[in-house]
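Below are the chains, spelled out letter by letter.
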Amino acid sequence: MSHRFEEPAELHFDLSAETVWQAIATGPGLSSWFMGATEVDPREGVVRTTMGNYAQESTIGAYEPARHFSFTGAESPDGRFFAMEFLIEARAAGSTVLRIVSSGFLPGDDWEDEFEAMLSGGRMYRHTLVEYLTHFAGRPGIAITASAPFGDLDRRWSAMKADLGVIGTESTGQAVTLTPSGLAPIPGTVDSATWETLGVRSADALYRFYRGHYAAGVGHHVFASEVDAPDRTRAWQGWLDAVAP
């Protein structure tokens, strides 16, 4: 059986509607918390997303500044698609409510596992949005994306955590120092930890490590000045290739 899904969520911020809009409806904003490097072109009505060698164009459905933004990815031949909708409501004292609806269609009989992985990924992205707007609002981030090869994801995830110096029992708020081989140590604070994801916030970045449905990898957002995105991406891809071959 196939599955059409819709997942709503609601977030509250002590920030202006314009600040939230900049985070969810502009290229620099989306690149600071969502998947990959993103460009939003309201004149052409498209959202362009790049993650490593993968690129996608989505069609903008709604674009009402500080109120309503939505986009839908191209439908594949088997009917698969993914869409996002954001509704912004300004409240008293400069606060804002953001409602997010993720929806789409998953074909095939094995949609349950993919759906669960998608729900987990959605929770991580929403949490990253909250972390971004809480700690880095207004600072454009550089998206760093790298994936391990397909294969034994449990083994790769265990190898990634071991090399980072974590054991899987870390809790939110715990101070840690990540020790990725070949890269500088990363002191920070655990801001998210599940059996398949680890989020660490440093002074100038949000580091995200995951064991997904199809791949294990990283999806970082770096807010330091003068970041060489290609060089940083190559470094993290080299780390994955070495520790999780």
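Thresholds, definitions, all that
Each residue is numbered by its place in its chain's sequence as written, counting from 1. In view of the model being predicted, local features appear only for residues whose pLDDT reaches at least 70, and side-chain atom pairs are presented and counted only at 80 or more, with totals across whole chains, interfaces and linings using the full set of residues. Computation of side-chain values covers all heavy atoms of the structure but excludes hydrogens and water. In DSSP terms, a helix is any run of H or I states spanning at least four residues, a strand is any run of E spanning at least two, and both are numbered starting from the N terminus. For this measure, only C-alpha atoms enter the radius of gyration; the expected value for a globule follows 2.2 Å times N^0.38, where N is the number of residues. The buried label applies to any residue whose accessible area, calculated with a 1.4 Å probe on protein chains only, is under 20% of its type's maximum; exposed applies above 50%, and partly exposed to all values in between. We call two residues in contact when some of their heavy atoms are within 4.5 Å. Per-residue and other accessible areas follow the Shrake-Rupley method at a 1.4 Å probe size, with only the shown protein chains counted as cover for residues. In this tally Asp and Glu are treated as negative and Lys and Arg as positive; neither His nor the chain ends contributes. Charge positions come from single atoms, namely NZ of Lys, CZ of Arg, CG of Asp or CD of Glu. Pairing between two strands is assigned when DSSP locates at least 2 bridges connecting them. Under the convention used throughout, the expected extent of a helix is 1.5 Å for every residue step, that is, one less than its residue count. What the arc covers is the set of directions going from the helix axis to the C-beta atoms. N or O atoms within 3.5 Å of each other form a polar contact, as long as, within protein, one can give a hydrogen and the other can take it, and as long as residues adjacent in sequence are counted only when both atoms are side-chain atoms. An axis is simply a line fitted to the C-alpha atoms; with a helix, the fit covers only the stretch in contact. Between two such axes, the angle follows the N-to-C directions and lies from 0 to 180 degrees. As a per-residue quantity, pLDDT reports the predictor's confidence and falls between 0 and 100. A carboxyl oxygen of Asp or Glu within 4 Å of a side-chain nitrogen of Lys or Arg is what we treat as a salt bridge. Here the angle decides the label: under 35 degrees means roughly parallel, over 145 means roughly antiparallel, 65 to 115 means roughly perpendicular, and every other value means oblique. For a crossing to be left-handed, the near helix must be turned anticlockwise from the far one by less than a right angle; the clockwise case is right-handed. Three categories are distinguished: nonpolar for Ala, Val, Leu, Ile, Met, Phe, Trp, Tyr, Cys and Pro, charged for Asp, Glu, Lys and Arg, and polar for the others, with Gly belonging to the last.

Turning our eyes to something else, we now look at the overall build of the protein chain. Assigned secondary structure in the protein chain consists of five helices and 13 strands. Taking 245 residues into account, the globule formula puts the C-alpha radius of gyration at 18 Å, and the protein chain, at 18 Å, falls close to it. By principal-axis analysis of the C-alpha atoms, the protein chain measures approximately 45 × 45 × 30 Å. Across the 245 residues that make up the protein chain, the buried fraction comes to 49%. Summarising the internal contacts of the protein chain: among those between residues at least 6 apart in sequence, 53% fall at separations of at least 24. Just so you have it, the protein chain exposes about 11900 Å², and 53% of that area is on carbon and sulfur atoms. Here the protein chain contributes 18 positively and 32 negatively charged side chains, and the mean placements of these two sets differ by 3 Å.

What follows concerns the pairing of strand β11 (residues 197–201). By the criterion of burial, β11 is predominantly enclosed, with five of the five residues buried. Here β11 shows no split at all, with Thr-197, Gly-199 and Arg-201 on one side and Leu-198 and Val-200 on the other all buried. Bridging between strand β10 (residues 186–193) and β11 involves four bridges; their strand directions are antiparallel. Bridging from a neighbouring strand, Val-190 pairs with Val-200 of β11. In this antiparallel pair of consecutive strands, β11 and strand β12 (residues 205–211), the connection spans three residues.

Moving on to helix α5 (residues 229–243). An ideal rise of 1.5 Å per residue puts 21 Å on 15 residues; α5 measures up with 21 Å between its terminal C-alpha atoms. Looking only at α5, the buried set comprises Trp-236, Trp-239, Leu-240 and Val-243. For α5, the angular spread of the buried residues around the axis is 95 degrees, confining them to a single face. Away from its buried face by more than 90 degrees, α5 exposes Arg-234 and Ala-242. Looking at the buried positions of α5, the neighbouring elements they touch are β8 (142–147), α4 (153–164), β10, β12 and β13 (216–222). The backbone nitrogen of Asp-231 lies 3.0 Å from a side-chain oxygen of the residue at the head of α5, namely Asp-228.

Turning our eyes to something else, we now look at the sheet that holds β10. Where strands meet in a sheet, backbone hydrogen bonds hold them as pairs that are either parallel or antiparallel. In spatial order, the strands read β8-β13-β12-β11-β10-β9; together these six strands make up an open sheet with antiparallel pairing. Each edge of the open sheet is held by one strand with a lone partner, namely β8 and β9 (175–178). This sheet shows a mean twist of 30 degrees between the axes of neighbouring strands, independent of strand direction. Where α4 meets the sheet, it contacts β9, β11, β12 and β13, and its direction lies at approximately 145 degrees from that of β12. Sitting on the sheet, α5 touches β8, β10, β12 and β13, and the angle it makes with β8 is about 25 degrees.

This brings us to the confidence of the model for the protein chain. For the protein chain, the mean per-residue pLDDT works out to 91, and 97% of the residues sit at or above 70. At the low end of the mean pLDDT range in the protein chain sits helix α3 (residues 111–135), at 84; at the high end sits helix α1 (residues 17–24), at 98.

Under the defined criterion, the tally for this structure stands at 14 salt bridges. The salt bridge partner of Glu-7 is Arg-126, with a shortest N-O separation of 3.2 Å. Here Glu-7 is found in strand β1 (residues 3–13), whereas its partner Arg-126 is found in helix α3, with 119 residues between them in sequence. The salt bridge partner of Arg-48 is Glu-39, with a shortest N-O separation of 3.4 Å. Classification of Glu-39 as partly exposed rests on a relative accessible area of 40%. Shared partners join several salt bridges into a network, and the residues in it are Glu-39, Asp-41, Arg-43, Glu-44, Arg-48 and Glu-57.

Since the α-helix advances by 3.6 residues per turn, residues separated by three or four positions end up pointing in the same direction. Those residues of α1 not exposed but buried are Ala-17, Val-20, Trp-21, Ala-23 and Ile-24. The buried residues of α1 occupy an angular sector of 160 degrees when the element is viewed end-on, so they sit on one face.

This part covers the packing of α4 against α5. The contact between α4 and α5 brings their axes to 9 Å, and the two run at 115 degrees. Put simply, α4 runs roughly perpendicular to α5. Pair α4 / α5 crosses with right-handed handedness. Here Ala-159, Met-160, Asp-163 and Leu-164 of α4 lie close against α5, whose contacting residues are Trp-239, Leu-240 and Val-243. Grouping the amino acids of the contact of α4 with α5 by side-chain chemistry returns six nonpolar, no polar and one charged.

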